[in-house]
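The chain contents come next:
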Amino acid sequence: MQVQEGGASHRLEAGPRMKAMRRGRCARAITGWAITFWAITVLAFTALAFNAHAADSAAFTDTQDGDFDTSDFLLHRKGVMPIPIVITEPAVGYGGGAMLLYFSESLEEAGSAPREEGEKAPPNVTGIGGALTENGSRFGGLFHFHTWDGDRYRYLGALAHGRMNLDYYGKLNVGRSYELKGTFLVQQLLARVGDSRWYIGPRYTYFNSTTRFTGDAASELSSADQQGRIGKLGLVVDYDSRDNMFYPTKGSYAEIEAQFARGWLGSSQSFDTYSARGYTWMPLNPEWNLGVRLDGQTTSGAVPFYAQPSIDLRGVSRGRYQAKTALVSELELRWNVTPRWSLLAFSGLGKAYGRWNSFSEAPNVVSVGTGFRYLIAKKMGLSVGIDVAHSKDQNAFYIQVGSAWR
């Protein structure tokens, strides 16, 4: 789901036709719910701010440096907000739609809730929307995010239905078109552990789908690989010491998750999914910052082909490399040219193995790239920019909101 929603957190990719999206892994997409939610929120506000800028430019000028800044507008906005959805994902073609978001309180009001010194709680929000693309893919859904007791408890619920026209590579390493249609549900409740930076809680995901190859069939897949229902219950453990959740300069974020699909949970087959990811940012000096990312997911049992782990790197097509296990590492060096502008250089290495190839036989997938950011809301630490990336036979660009690591 790496699309732009009203300028939101999802990445936009372009370049040679990318044959597959991040199939399945719906629960993994929800794993970064906090970043996704906040980025949709603030970038939607930012889009409105740009429109309002022409009418009252003084309201969007920082009093200290005189530069364009949307902090005050974002902090005070609440109520119902219509958001356009723009899709430029090459795997499904160009498209668009709309979303309605309702904020019961502004970011400033939410931030005044009792919590740890120097920290702010996110606001409660409800959203509904839908979109379609030129290749016939379409989706619609709704979600609700809520916090209680000064952000001690965090709830996320989402329901979506859609049809995606995608491609599967598999053993032959050749894209074969298929249709994935279904309904997705997630329910998650996390609780803060004491006064620490740890959160823990259950997550349930359900995906009732049908798949149909519209061209050449993937003969290497068994009937179990194509079963239509996934019901998983898991335990999520989060840790967050970042100084800013949008564009950190120091601190770390980590998440560990174990999920189990069983018949009594609504799944057509039994399998297990284990994932872990961690990001850390280290200031080398006032102008330079180094980020390190490690990410891995492995599965066991009868996993549907569309839910297999895949390599997730800038410059690598979504779902292009899938297997039983996927490992990724990435480095990012940031140069703060001015207080508002920064330049990036990054490189990543990924490997997907265990289904059709052993670890030694699986190819090393390498990506490199560069980008920039502009600090558009200084009081919130929110930045926007573009990344350009390259891997073997592939190029892509991404419109980013803050850090690319979700």
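Structure report, in brief.

This part takes up the overall build of the protein chain. On a plain count of helices and strands, the protein chain comes out with four helices and 17 strands. Counting every position in the protein chain, which comprises 406 residues, the buried fraction comes to 53%. Taken as a whole, the protein chain presents about 17000 Å² of accessible surface, with 60% of it coming from carbon and sulfur.

What follows is about the packing of aromatic side chains. We describe a pair of aromatic rings using the distance from one ring centre to the other and the angle between the two ring planes. The full count for this structure, using the stated rule, is 16 aromatic pairs. Where Trp198 meets Tyr239, the ring centres are 4.9 Å apart and the plane angle is 50 degrees; that geometry is what we call tilted. Remark: Tyr239 occurs in strand β9 (residues 229–240) and Trp198 occurs in strand β8 (residues 198–213); sequence separation between them is 41 residues. Its relative accessible area of 41% is what places Trp198 among the partly exposed residues. Grouping aromatic residues by their ring pairs yields a cluster made of Tyr168, Tyr178, Phe207, Phe213, Phe305 and Tyr306. The ring of Tyr169 carries Arg320 above its face, with NZ or CZ at 4.0 Å from the centroid. The ring of Tyr321 has Arg320 sitting right over it, with the charged end atom 4.9 Å from the ring centre.

Here we take up the pairing of strand β14 (residues 341–353). Bridging between strand β13 (residues 325–336) and β14 involves 12 bridges; their strand directions are antiparallel. Residue pairing in the sheet places Arg334 in a bridge with Leu344 of β14. Between β13 and β14, which follow one another and run antiparallel, lie four residues. Summarising the sheet, β14 and strand β15 (residues 365–377) pair through 10 bridges and their orientation is antiparallel.

Once that is clear, we can look at the nonpolar core. Leu101, Tyr168, Tyr178, Phe213, Phe305 and Tyr306 are the most contacted members of the largest nonpolar core, which has 30 residues in total. Where this core is concerned, the elements lending two or more residues are β2 (79–87), β3 (95–103), β4 (125–133), β5 (138–148), β6 (153–168), β7 (176–192) and β8. Among the nonpolar cores identified, the runner-up in size contains 10 residues, and Tyr247, Ala377, Met380 and Val401 belong to it.

Moving on: the side chain of Arg373. Among the secondary structure elements, Arg373 is positioned in strand β15. Residue classification places Arg373 among the buried positions, given a relative accessible area of 1%. A polar contact is formed between the side chain of Arg373 and the backbone oxygen of Gly402, at a distance of 2.9 Å.

The subject of this paragraph is the pattern of salt bridges. Inspection of every chain in the model, using the stated rule, returns 17 salt bridges. Measuring nitrogen to oxygen at the nearest pair gives 3.8 Å for the salt bridge that ties Asp149 to Arg152. Here Arg152 falls in the partly exposed class, since its relative accessible area comes to 23%. One salt bridge in this structure joins Arg176 and Glu220, with 2.9 Å as the shortest N-O distance. Placement of the pair is Arg176 in strand β7 and Glu220 in the loop between β8 and β9, with a sequence separation of 44 residues. Across this residue pair, the class does not change: Arg176 and Glu220 are buried.

A word on the pairing of strand β12 (residues 288–301). Where strand β11 (residues 271–285) lies against β12, 14 bridges are found, and the strand directions are antiparallel. Within β12, the position partnered with Thr273 by the bridge is Thr299. In this antiparallel pair of consecutive strands, β11 and β12, the connection spans two residues. In this sheet, β13 lies alongside β12 in antiparallel orientation, the contact comprising 11 bridges. Across the sheet, Trp288 pairs through a bridge with Trp335, a residue of β13.

The next thing to look at is the environment of Gln400. Tracing the chain through its elements places Gln400 in strand β17 (residues 394–401). Of the residues examined, Gln400 reaches a relative accessible area of 1% and is grouped as buried. Counting along the chain gives 28 residues from Gln400 to Phe372, while the straight-line C-alpha distance between them is 9.2 Å. Of the polar contacts made by the side chain of Gln400, one reaches the side chain of Asp387; its length is 3.2 Å.

Here the focus is the environment of Phe184. Mapped onto the fold, Phe184 is located in strand β7. Phe184 sits in the buried class, given a relative accessible area of 11%. Expressed as a C-alpha distance, the spacing of Phe184 and Leu159, which sit 25 residues apart in the sequence, is 5.7 Å.

About the cut-offs
Residues numbered from 1 in each chain as written. Predicted model: local features only at pLDDT ≥ 70, side-chain atom pairs only at ≥ 80, totals over all residues. Heavy atoms only, no water. Helix = DSSP H or I, 4+ residues; strand = E, 2+ residues; numbered from the N terminus. Buried < 20%, exposed > 50% of the residue type's maximum accessible area, 1.4 Å probe, protein only. Areas by Shrake-Rupley, 256 points an atom, 1.4 Å probe, with all protein chains shown as cover. Phe/Tyr/Trp six-rings, centres within 6.5 Å; stacked < 30°, edge-to-face > 60°. Lys NZ or Arg CZ within 6 Å of the ring centre and 35° of its normal. Pairing = 2+ DSSP bridges. Core = buried A, V, L, I, M, F, W, Y, C linked by side-chain atoms within 4.5 Å. Polar contact = N/O pair within 3.5 Å; in protein donor to acceptor, adjacent residues only side chain to side chain. Salt bridge = Lys/Arg side-chain N within 4 Å of Asp/Glu carboxyl O.

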